[in-house]
Amino acid sequence: MGVQLRADEIFAMSDRWVMHTYGRIKLAFVRGEGSRLFDVEGRSFLDFVSGLAVTSLGHGHPKLKQAIVEAAESLLHTSNYFYILPQAQLAERLAEVTGFDRVFFANSGAEANEAAIKLARRYQVKSGRAGRYEVISAINSFHGRTLATVTATGQPKYHAGFEPLPAGFRYVPLNDLEALRAAITDTTAAVLLEPVQGEGGIHPCTPEYLQGVRALCDQHGLLLILDEVQTGVGRTGTFLAAEQYGVKADICTLAKGLGGGVPIGAMLATEEAAKGFEPGSHASTFGGNFLATRAALAVLDVLFNDGVLERVPQAAQRLWKGLKGLAERHPKVLGEVRGLGLMLGVELKVPGSRFLNGCLEKGLLVNVIGDKVLRLLPPLTVSDEEIDEALRLLELVCEECASECQDSAS
Ligand SMILES: *Cc1c(COP(=O)(O)O)cnc(C)c1O
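Owing to the predicted nature of the structure, the values given are computational and were not obtained by experimental measurement.

Calculation criteria
- Residues numbered from 1 in each chain as written.
- Predicted model: local features only at pLDDT ≥ 70, side-chain atom pairs only at ≥ 80, totals over all residues.
- Heavy atoms only, no water.
- Helix = DSSP H or I, 4+ residues; strand = E, 2+ residues; numbered from the N terminus.
- Expected span 1.5 Å × (residues − 1).
- Buried < 20%, exposed > 50% of the residue type's maximum accessible area, 1.4 Å probe, protein only.
- Polar contact = N/O pair within 3.5 Å; in protein donor to acceptor, adjacent residues only side chain to side chain.
- Near = heavy atom within 4 Å.
- Nonpolar A, V, L, I, M, F, W, Y, C, P; charged D, E, K, R; others polar.
- Pairing = 2+ DSSP bridges.
- Axes fitted to C-alpha atoms, helices over the stretch in contact; angles between N-to-C directions.
- Parallel < 35°, antiparallel > 145°, perpendicular 65-115°, else oblique.
- Left-handed = near helix turned anticlockwise from the far one by under 90°.
- Contact = heavy atoms within 4.5 Å.
- Domains from an automatic or database assignment.
- Buried area = accessible area lost by both parts, 1.4 Å probe.
- Salt bridge = Lys/Arg side-chain N within 4 Å of Asp/Glu carboxyl O.
- Arc of directions from axis to C-beta.

Colleague: An account of helix H5 (residues 109–126) is requested, with residue identities and associated values reported.
Modeller: The periodicity of an α-helix, 3.6 residues per turn, causes residues three or four places apart in sequence to face the same way. Spanning 18 residues, H5 covers 25 Å between terminal C-alpha atoms, matching the ideal 26 Å at 1.5 Å per step. Those residues of H5 not exposed but buried are Gly 109, Ala 110, Ala 112, Asn 113, Ala 115, Ala 116, Ile 117, Leu 119, Ala 120, Tyr 123 and Gln 124. Sitting at the amino-terminal end of H5 is Ser 108, which places a side-chain oxygen 3.2 Å from the backbone nitrogen of Glu 111. Once H5 ends, the next one or two residues include Gly 128, with phi positive near 80 degrees.

As structure tokens, this is what we get:
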């Protein structure tokens, strides 16, 4: 404790000892405050990544801090052999704000989705339809990295080298209802979709599509699983993105923003779908422990009682308008602006790495997907001033990129 290494020393130590599964950006952070992160060298960054839609209350929110301290002082973990109040309270609160009946707690998005896939299969078995095991998901989707969830992920690059993949998964193009209808067979158990594809490049479902999927599921006795790991917990302006579509799923998964940085995932189900599980069907040692559920309760408290969720649409509108303006002024650099709420993507017409470096140099943290889509996930607590500041920095990067385009053309 108390040791502070230089950035290059941290990079070297990490690269030597941590398994190489991430392509990392050469920044080492030591502290955060609201919408800002500070690195080892004392530089300040405006954080429009939020740890990938995780730190939705920003960094160091006093109520979240308080909840974590209280858990540390009273209890961290007991195992699910026993009852703890915050877990019960969080389940009740999640049910109240979503309309679902039952909650299973996990520790991550992948685990929540894994639970959802298992529940869907067992639900069909227990309903006397044992031959129904297949899960249909969308091309370009992302559902996690466990073997089942990576198989549900409709992107071949995530499958390579992990074969044989588990059986029982099939993919259809997003927003094509006829393709889904044609893919349903008497082995289909469930349809799994993100209301807005996140890792796939910020592609929203159209309302007609999601409503059509709901109707098809009802017609064929299939469960609709919505993966709201990224879109959920207020990210899109409503607690669940599905609310804006007027669609109620049978099973819904949450994770990223739920603990505000403390790892927690949740699978929510209707009473009917929850029939699939009974004591012993599924479990998690850490799932829903005292620390994590206490933290998530604080997140929900701030979202609903401190006006944070209520303000998201207005903040989103400001950022959206600003990005549209930028795209109009810099048509050689930016293309389509897409997304919902504070989950926004902008098509890049210059190499994503170039654009990202420009942002980082100016002290703005953003994310680029596949070198071609700029993804913005600011904290839900972001102020108007911070949105304007981010837009000014993005404008500077656009100007640089545009002038480079001109140079290389002449
Ligand atoms: C991030 C993400 C996951 C995986 O979550 P992990 O916590 O990394 O396992 C699953 N689904 C969606 C939609 C995600 O964005």
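Colleague: Can you tell me about the site of the ligand, naming the residues and giving the values?
Modeller: By nearness alone, every residue bordering the ligand is listed as Ser 108, Gly 109, Ala 110, Asn 113, Phe 142, His 143, Gly 144, Glu 194, Asp 227, Val 229, Gln 230 and Lys 256. Between the ligand and Lys 256, the relevant distance is 2.6 Å, taken from an oxygen atom to a side-chain nitrogen or oxygen of the residue. In terms of residue count, the dominant contributor to the shell around the ligand is H5 (three residues). Here the residues of the shell around the ligand sort into three nonpolar, six polar and three charged.

Colleague: Outline the sheet that holds strand S1 (residues 29–33), supporting the account with residue identities and numerical values.
Modeller: Spatial strand order, S1-S2-S3-S15: four strands in an open sheet with mixed pairing. Two strands close off the open sheet at either side, each with one partner strand: S1 and strand S15 (364–365). The pairing of S1 with strand S2 (residues 36–39) spans four bridges and is antiparallel. By the bridge assignment, Glu 33 is partnered in S2 with Arg 36.

Colleague: An account of the packing of helix H3 (residues 62–74) against helix H11 (residues 290–305) is needed here, citing residue identities and associated values.
Modeller: Look at H3 against H11: their axes get within 9 Å of each other, and the N-to-C directions meet at 155 degrees. It follows from the interaxial angle that H3 and H11 lie roughly antiparallel. For the pair H3 and H11, the crossing hand works out as right-handed. Between H3 and H11, the contacting residues are Lys 63, Leu 64, Ala 67, Ile 68, Glu 70, Ala 71 and Ser 74 on the first element and Phe 290, Leu 291, Arg 294, Ala 295, Ala 298, Val 299, Asp 301 and Val 302 on the second. For the contact of H3 with H11, the residue count by class is 10 nonpolar, one polar and four charged.

Colleague: Any details on the environment of Thr 238? Residues and values, ideally.
Modeller: Locating Thr 238 in the fold gives a position in the loop between strand S10 (223–227) and helix H9 (242–245). Here Thr 238 falls in the buried class, since its relative accessible area comes to 18%. Here the alpha-carbon distance between Thr 238 and Pro 62, two residues 176 residues apart in the chain, equals 23 Å. Excluding residues within four positions of it along the chain, Thr 238 makes contact with Glu 243, Gln 244 and Leu 309. Among the polar contacts listed, one links the side chain of Thr 238 to the backbone oxygen of Leu 240, at a separation of 2.6 Å. Polar side-chain contacts of Thr 238 include one of 2.8 Å to the side chain of Gln 244.

Colleague: Account for the pairing of strand S17 (residues 373–376), naming residues and giving values.
Modeller: What you see with S17 is no split at all: Val 373 and Arg 375 on one side and Leu 374 and Leu 376 on the other are buried throughout. Relative to S17, strand S14 (residues 343–348) runs antiparallel, the two being bridged by four bridges. Bridge pairing in S17 places Gly 345 opposite Arg 375. Pairing analysis gives three bridges linking strand S16 (residues 367–369) to S17, with the strands arranged antiparallel. Across the sheet, the residue bridging to Val 368 is Leu 374, located in S17. Counted between consecutive antiparallel strands, the loop separating S16 from S17 contains three residues, among which Gly 370 sits at a positive phi close to 55 degrees.

Colleague: Outline the domain arrangement of the chain, supporting the account with residue identities and numerical values.
Modeller: Its domain assignment divides the chain into domain 1 (62–305) and domain 2 (308–343 + 360–410). Computed from C-alpha coordinates alone, the two centres of domain 1 and domain 2 are separated by 29 Å. Each partner contributes residues to the interface: domain 1 has 23 residues there, and domain 2 has 17 residues. For the pair domain 1 and domain 2, the summed buried surface comes to about 1600 Å²; carbon and sulfur atoms form 66% of the total. Contact with domain 2 buries surface across domain 1, with Ile 202, Arg 235 and Leu 303 losing the most and accounting together for 40% of the total.

Colleague: Lay out the sheet that holds S16 in plain terms, naming residues and giving numbers.
Modeller: One open sheet holds the four strands; their spatial order is S13-S14-S17-S16, and the pairing between them is antiparallel. Both outer strands of the open sheet, strand S13 (334–340) and S16, are each paired with one neighbouring strand and no more. On average, adjacent strands in this sheet sit at an angle of 25 degrees to one another, irrespective of strand direction. The strands touched by helix H12 (residues 308–329) within the sheet are S13, S14 and S17, with S13 carrying the most contacts at an inclination of about 165 degrees.

Colleague: An account of the pattern of salt bridges is requested, with residue identities and associated values reported.
Modeller: Inspection of every chain in the model, using the stated rule, returns 29 salt bridges. Glu 400 is paired through a salt bridge with Lys 362; the nearest N and O atoms lie 2.6 Å apart. One end of the pair, Glu 400, is in helix H14 (residues 384–409); the other, Lys 362, is in the loop between helix H13 (352–361) and S15, and 38 residues separate them in sequence. The class of Glu 400 is partly exposed, set by a relative accessible area of 28%. By relative accessible area, Lys 362 is classed as partly exposed at 22%.

Colleague: If you had to explain H3 to someone new, which residues and values would you point to?
Modeller: If you check H3, its first and last C-alpha atoms are 18 Å apart, about what 13 residues at 1.5 Å a residue would give, namely 18 Å. Residues of H3 that are buried include every one of Leu 64, Ala 67 and Ala 71, and no others. The arc that holds every buried residue of H3, seen down its axis, measures 60 degrees, which confines them to one face. Opposite the buried face of H3, by more than 90 degrees, sit the exposed residues Pro 62, Lys 65, Ala 72 and Glu 73.

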